[in-house]
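Architecture at a glance
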Amino acid sequence: MAKKDLRFNSKTIHGGQHPDKAYGAVMPPIYQTSTYAQTTPGGHQGYEYSRSANPTRTALENALASIENGNHGLAFASGLAAIDAVLKLLKPGDEVLATNDLYGGSYRLFKRVYENFGIIFRFLDMQDAKAIETEISHATRMVWLETPTNPLMNIVDISAIAKITKQKGLLLAVDNTFASPYLQRPLELGADIVMHSATKYLGGHSDLVVGALVVNDTDLAEQLYFIQNASGAICGPMDSFLTLRGIKTLHVRMQRHCENGEAIAHFLNAHHKIEKVYWPGFESHPNHAVAKKQMKGYGGMISFVPKGGNYADAIKIVEKLKIFTLAESLGGVESLAGHPASMTHASIPKNEREKIGVVDALIRLSVGIEDVDDLIADLAQALD
Ligand SMILES: *Cc1c(COP(=O)(O)O)cnc(C)c1O
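Residues numbered from 1 in each chain as written. Predicted model: local features only at pLDDT ≥ 70, side-chain atom pairs only at ≥ 80, totals over all residues. Heavy atoms only, no water.

Our focus in this paragraph is the environment of Gly357. Note that Gly357 resides in the loop between helix H12 (350–355) and strand S12 (363–366). Expressed as a C-alpha distance, the spacing of Gly357 and Asp101, which sit 256 residues apart in the sequence, is 9.6 Å. If we skip the residues at most four places from it in the chain, Gly357 touches Leu152 and Tyr278. (Helix = DSSP H or I, 4+ residues; strand = E, 2+ residues; numbered from the N terminus. Contact = heavy atoms within 4.5 Å.)

Our focus in this paragraph is the packing of helix H3 (residues 79–87) against helix H4 (residues 104–113). In contact at an axis separation of 11 Å, H3 and H4 are set at 35° when each is read in the N-to-C sense. Crossing angle aside, the handedness with which H3 passes H4 is right-handed. Each of Leu80, Ile83, Asp84 and Leu87 in H3 lies in contact with H4, whose residues at this interface are Gly105, Ser106, Arg108, Leu109 and Phe110. (Axes fitted to C-alpha atoms, helices over the stretch in contact; angles between N-to-C directions. Left-handed = near helix turned anticlockwise from the far one by under 90°.)

The next point concerns H4. Where H4 is concerned, the buried positions are Gly105, Ser106, Leu109 and Phe110. Looking down the long axis of H4, one finds its buried residues gathered within 140° of arc, a one-sided arrangement. The inward-facing, buried residues of H4 contact H3, strand S2 (95–99), strand S3 (120–124) and strand S4 (140–146). (Buried < 20%, exposed > 50% of the residue type's maximum accessible area, 1.4 Å probe, protein only. Arc of directions from axis to C-beta.)

Looking at soluble globular proteins, one finds that nonpolar side chains tend to be buried together. Membership of the largest hydrophobic core comes to 42 residues, with the highest contact counts inside it found for Leu60, Leu64, Leu183, Leu202 and Leu250. At the level of secondary structure, the elements contributing two or more residues to this core comprise helix H2 (55–67), helix H6 (180–183), strand S7 (211–215), helix H8 (237–247), helix H9 (250–270), helix H10 (288–294) and strand S9 (301–306). Here the element with the most residues in this core is H2; it accounts for 6 residues. When we break this core down by domain, the ones giving at least three residues each are domain 1 (3–247) and domain 2 (251–383). One finds Phe110, Tyr114, Ala173 and Leu224 within the second-largest nonpolar core, a separate group that totals 29 residues. (Core = buried A, V, L, I, M, F, W, Y, C linked by side-chain atoms within 4.5 Å. Domains from an automatic or database assignment.)

Glancing now at the domain arrangement of the protein. According to the domain assignment, the protein contains domain 1 (3–247) and domain 2 (251–383). In this structure, domain 1 and domain 2 have C-alpha centres spaced 26 Å apart. Between domain 1 and domain 2, the residue contacts involve 35 residues of the former and 36 residues of the latter. When domain 1 packs against domain 2, close to 3,000 Å² is buried across both sides, 62% of that on carbon and sulfur atoms. Applying the counting criterion to the domain 1 and domain 2 interface returns 1 salt bridge. Taking the shortest distance from any N to any O, the salt bridge between Asp157 and Lys293 comes out at 2.9 Å. Inspection of the domain 1/domain 2 interface yields 14 residue pairs in polar contact (both at pLDDT 80 or more). Ranked by residues supplied to the side of domain 1 that touches domain 2, first place goes to helix H1 (residues 8–14) with 4 residues. (Buried area = accessible area lost by both parts, 1.4 Å probe. Salt bridge = Lys/Arg side-chain N within 4 Å of Asp/Glu carboxyl O. Polar contact = N/O pair within 3.5 Å; in protein donor to acceptor, adjacent residues only side chain to side chain.)

Printed below as a string of structure tokens:
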């Protein structure tokens, strides 16, 4: 059986991997080197300088391509460095249509950096895919979407958007950080570029900051590789090794994230002190049908609003939690809680925030893989 034909739960361990050529090491060695000896000028074994390529990074890039079922993987110093490389495909005057409740760092990079270079960004609610059709102009080059979105778990129909972008000749890029390829593989749904903050579920242990891109098209891969090498925001060998190690357990971690997430979503939904729970697994979620169609499960990300709660109540709850750590980020084995209004979304003005539903009392959970009864007990005592 060729490795490309393996099922997902085997690809996480074997996809694109082979024992190291030098001594047969089963795990890829950390090639902590900047340069490689040449026998004659240009006489090397495929590696000449570690910005251009490094064997540990190559092993990671092959694994990334395999798990997203794409042809080419690229690993970067952070998720934002990966997004930065995608934006460098554009020229002044080009326009990007993006989802309106975007990751804050992506929004900042778009508005505060790339707008200065003449790239135009417009932010739309893409939950109704058809709505983007009328928004496409002669300048539009790319659609950038996230699903599920942060922190309200809105779902965008990737294949419906891909149909429109294909017909109009636009690039479709999907930030797949929240779902991970275990739950959803955008290239299979028609996207051109998949992006990850591997800092989150792919790494899975909150011990690194890494970014990734995966594409199918060879020309596009060559352009992105050119930008990666020209700009230089590459993933180092140690971080490549750690990300690879994380990917090997992605499927077992995600299975548990989904199980724990489901139990906690239902616990919160039934709790008398809770006003609203955002989780795409509920049949009452406005885009549940799309989530069910394009995702294998509903993940471990949940947001909720305590009944009649305000800013101070939300802070009190997150401070009372003992197992859930109050911290930014998500996707690690340990459970985290966050307060978007004062943390991830603090830079967005209050009225802008509240317009999209990020109210003062909203709390976001990244449900980890601990014993779910301990997690529920922790939430119960904090809510009491
Ligand atoms: C964290 C995150 C990013 C940015 O990734 P970094 O690795 O922190 O640079 C982008 N998109 C989403 C959805 C994220 O959660």
